[in-house]
Amino acid sequence: LQGVIAQVGDTLLLGTLGHGLLLYHPSSDRHRLLAPTAALLSRDPDRRMLHVMSALHWEGRRYLVGTARGLLLLDLDRQHLEPTPPAMGLPPGLEGARITCLVRDAQDRIWIGTWSHGLFRLDVDGAMRHFHSKATDPKYQLPMNGVLDILPGTNNDVWVGLNDGGGLVRLHGGEGPAATH
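Residues numbered from 1 in each chain as written. Predicted model: local features only at pLDDT ≥ 70, side-chain atom pairs only at ≥ 80, totals over all residues. Heavy atoms only, no water.

Chemist: Where do I start with the sheet that holds strand 10 (residues 110-114) in this structure?
Modeler: Within a sheet, adjacent strands bond to each other through the backbone by hydrogen bonds, running parallel or antiparallel. Read across the open sheet, the four strands follow the order 9-10-11-12; overall the sheet is antiparallel. Where the open sheet ends on each side, the last strands, each with one partner, are strand 9 (99-104) and strand 12 (128-131). Across the sheet, the mean angle from the axis of one strand to that of its neighbour is 15°, orientation sign disregarded. Two elements, strand 10 and strand 11 (residues 119-122), share four bridges in a ladder whose sense is antiparallel. Note that in strand 11 the partner of Trp-111 across the bridge is Arg-121. (Pairing = 2+ DSSP bridges. Helix = DSSP H or I, 4+ residues; strand = E, 2+ residues; numbered from the N terminus. Axes fitted to C-alpha atoms, helices over the stretch in contact; angles between N-to-C directions.)

Pasting the structure below:
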């Protein structure tokens, strides 16, 4: 078990390391394991897509699912994991990235943390922002690219925990430059 990543009614979404997403119903003590399709897994020889790290409600009964091989879309009605469609506006740079965390802030922006590709912010208007250590614009620079966790704070600030000694940074109002703490 990687973690308890979401609750939908009486169903818990549990991330696993190597088995996919587990749907668990505590009232009946029953579960169902969901894994990506064989076609998806054929593009993932080391099966990192089965390492489920996080999930975030997208719309209706659909969830973004962060894996060690990028983002998937969970359709709870069909109980099906599939690639995220291009119409969702997610950047192609996330394909293959190890997604460490997914968070929605008070402004309805979606924050996507990755192990080595930095931090992505999807705005309500569909614009994508990429915060990373090699950004030429200081507004989008981070001291390190490894994001461990994201916490929306007060005043629309966003706190970001970084790995490899990157420490804690704050994006004031969800914008850079990042203030290191």
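Chemist: What is the right way to read the sheet that holds strand 14 (residues 158-162) from this model?
Modeler: As summarised here, the arrangement of the four strands in space is 13-14-15-16, forming an open sheet in which the pairing is antiparallel. A single partner strand is all that each edge strand has here, and the edge strands are strand 13 (147-152) and strand 16 (179-180).

Chemist: Looking at this structure, how should I read the nonpolar core?
Modeler: Note on soluble globular proteins: their nonpolar side chains tend to be buried together. Counting 19 residues, the largest nonpolar core has Leu-13, Leu-21, Tyr-63, Val-65, Leu-74, Leu-76 and Leu-81 as its most contacted members. If you list the elements that add at least two residues to this core, you get strand 1 (3-8), strand 3 (21-25), helix 1 (38-42), strand 5 (52-59), strand 6 (62-67) and strand 7 (70-75). Take this core: its biggest share by element is three residues, from strand 1. Those residues within four positions of Val-65 in sequence are excluded, and the remaining contacts are Leu-21, Val-52, Ser-54, Ala-55, Gly-70, Leu-71, Leu-72, Leu-74, Leu-81 and Leu-102. (Core = buried A, V, L, I, M, F, W, Y, C linked by side-chain atoms within 4.5 Å. Buried < 20%, exposed > 50% of the residue type's maximum accessible area, 1.4 Å probe, protein only. Contact = heavy atoms within 4.5 Å.)

Chemist: How should the environment of Tyr-24 be read in this particular structure?
Modeler: Topologically, Tyr-24 is positioned in strand 3. Overall, the relative accessible area of 23% leaves Tyr-24 in the partly exposed class. For the pair Tyr-24 and Leu-12, spaced 12 residues apart in sequence, the C-alpha separation works out to 5.1 Å.

Chemist: What should I look at first to understand the pattern of salt bridges in this one?
Modeler: Pairs can form between side chains of opposite charge once their charged atoms are near each other. Across all of its chains, the model carries 11 salt bridges by this definition. Across the pair Asp-123 and Arg-121 runs a salt bridge whose closest N-O atoms are separated by 2.6 Å. Residue Glu-175 pairs with Lys-139 through a salt bridge whose shortest N-O separation is 3.7 Å. With Glu-175 in the loop between strand 15 (167-171) and strand 16 and Lys-139 in the loop between strand 12 and strand 13, this pair connects stretches of sequence that are 36 residues apart. Shared partners join several salt bridges into a network, and the residues in it are Arg-121, Asp-123, Arg-129, Lys-139 and Glu-175. (Salt bridge = Lys/Arg side-chain N within 4 Å of Asp/Glu carboxyl O.)

Chemist: What am I meant to see in the packing of aromatic side chains here?
Modeler: Aromatic ring pairs are described here by two measures, namely the spacing of the ring centres and the angle between the planes. Using the criterion set out here, one finds two aromatic pairs in the structure. These aromatic residues form a ring-pair network of at least three members: Trp-111, Phe-131 and Tyr-140. Cation over ring: Arg-98 sits above Trp-115, and NZ or CZ is 4.6 Å from the ring centre. (Phe/Tyr/Trp six-rings, centres within 6.5 Å; stacked < 30°, edge-to-face > 60°. Lys NZ or Arg CZ within 6 Å of the ring centre and 35° of its normal.)

Chemist: I keep staring at unusual backbone geometry and nothing clicks. Help me out?
Modeler: Residues other than glycine predominantly adopt negative phi, and peptide bonds predominantly adopt the trans conformation. Of note, the bond from Gly-176 into Pro-177 is cis; its omega dihedral lies within 30 degrees of zero at 5°. Within the chain, Gln-79 stands out as a residue other than glycine whose phi angle is a positive 50°. In this fold, Gln-79 is placed in the loop between strand 7 and strand 8 (80-83). For Gln-79, a relative accessible area of 27% puts it in the partly exposed group. In this model, Asp-164 sits at a positive phi of 55°, which is unusual for a non-glycine residue. Its location among the elements puts Asp-164 in the loop between strand 14 and strand 15.

Any functional reading would require information beyond the geometric quantities listed.
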